[in-house]
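So you can see what is in the structure, the chains are spelled out below.
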Amino acid sequence: MIEEEGGYQVAKTSSRMRRYTKKASQATGEHVGSASMLWKSSASSFAIKHGLQAMHLVGMDGRKPAAFGQRDDSAHGIDEELLERRADFVMELLKSI
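The text that follows walks through the structure, step by step, so that each part is easy to find.

Parameters at a glance
- What you see as residue numbers is a count from 1 along each chain, following the sequence as written.
- With pLDDT at 70 or above as the cut-off, local features in this predicted model cover only qualifying residues; side-chain atom pairs require 80 or more to be listed or tallied, and sums for whole chains, interfaces and linings still use all residues.
- Side-chain numbers come from the whole structure's heavy atoms, not from hydrogens or water.
- When DSSP finds two or more bridges between a pair of strands, those strands are recorded as paired.
- Numbering goes from the N terminus for both helices and strands, where a helix is a DSSP run of H or I of at least four residues and a strand is a run of E of at least two.
- Patches here are clusters of residues that have more than 30% relative accessible area and form no salt bridge, with a 9 Å joining cutoff for like charges and a 5 Å cutoff for nonpolar side chains (Val, Leu, Ile, Met, Phe, Trp, Tyr).
- To be clear on the numbers: accessible area is Shrake-Rupley with a 1.4 Å probe, and residue cover counts the displayed protein chains and nothing else.
- Salt bridges are counted wherever a side-chain nitrogen of Lys or Arg sits within 4 Å of a carboxyl oxygen of Asp or Glu.
- Partly exposed describes any residue whose relative accessible area lies between the buried limit of under 20% and the exposed limit of over 50%, with all areas from a 1.4 Å probe on protein chains only and scaled to the type maximum.

## As for the pairing of strand S1 (residues 2–5)
Right, so step 1: Where S1 lies against strand S3 (residues 35–37), 3 bridges are found, and the strand directions are parallel. Opposite Ile2, over in S3, you have Ala35 as the bridge partner.
Right, so step 2: As judged from the 2 bridges shared by S1 and strand S2 (residues 11–12), these two strands associate in the antiparallel manner. Residue pairing in the sheet places Glu4 in a bridge with Lys12 of S2.
Right, so step 3: Hairpin remark: S1 followed by S2, antiparallel, with 5 residues in the connecting loop; positive phi at Gly6, about 120°.

## Observations regarding a nonpolar patch on the surface
Right, so step 1: Judged by side-chain polarity, Leu57, Val90, Met91, Leu94 and Ile97 come together as a nonpolar surface patch covering roughly 460 Å² of accessible area.
Right, so step 2: By the secondary structure assignment, Leu94 is in helix H3 (residues 80–96).

## Points about the sheet that holds S1
Strand pairs in the sheet, formed through backbone hydrogen bonds, run parallel or antiparallel to each other.
Right, so step 1: Taking strand neighbours across the sheet as the criterion, the 3 strands line up as S2-S1-S3 in an open arrangement whose pairing is mixed. Across the chains shown, the open sheet's two edge strands, defined by having one partner strand only, are S2 and S3.

## What about the pattern of salt bridges?
Right, so step 1: Enumeration according to the criterion identifies 4 salt bridges in this entry.
Right, so step 2: Among the ionic pairs, Glu30 bridges to Arg85, the shortest N-O distance being 2.9 Å. Taken as a pair, Glu30 in the loop between helix H1 (15–28) and S3 and Arg85 in helix H3 lie far apart in primary sequence, 55 residues in all.
Right, so step 3: Exposure remark for Glu30: the relative accessible area of 13% places this residue in the buried category.
Right, so step 4: You can call Arg85 partly exposed: its relative accessible area is 36%.
Right, so step 5: With a shortest N-O distance of 3.9 Å, Glu81 and Arg85 are connected by a salt bridge. A residue pair is termed a helical-turn pair when its members lie 3 or 4 positions apart in one helix, as Glu81 and Arg85 do in helix H3 at 4 residues.
Right, so step 6: On the basis of relative accessible area, Glu81 is assigned to the exposed category, the value being 56%.
Right, so step 7: Salt bridges sharing common partners tie together Glu30, Glu81, Arg85 and Arg86.

Okay, structure coming up:
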């Protein structure tokens, strides 16, 4: 989960959204780490800055989101078992909200 993001004006994920993520993580057994992305803003940072509850969930590859719009970003690299586990996590997250 990206906890802080944005270049000039930093948006921070609320404690409520972090709590929902932790609850879903405990229910599914999936580890959810945190990172900062202080060089880019996403749709969630725009929503947070406008007073909405939002979060940015992303797989990380070092200090940047994995396959972040790169040439080798394609459907061929998808691990179906991992995708299924992540989908179960998102469903559990939505149930807790």
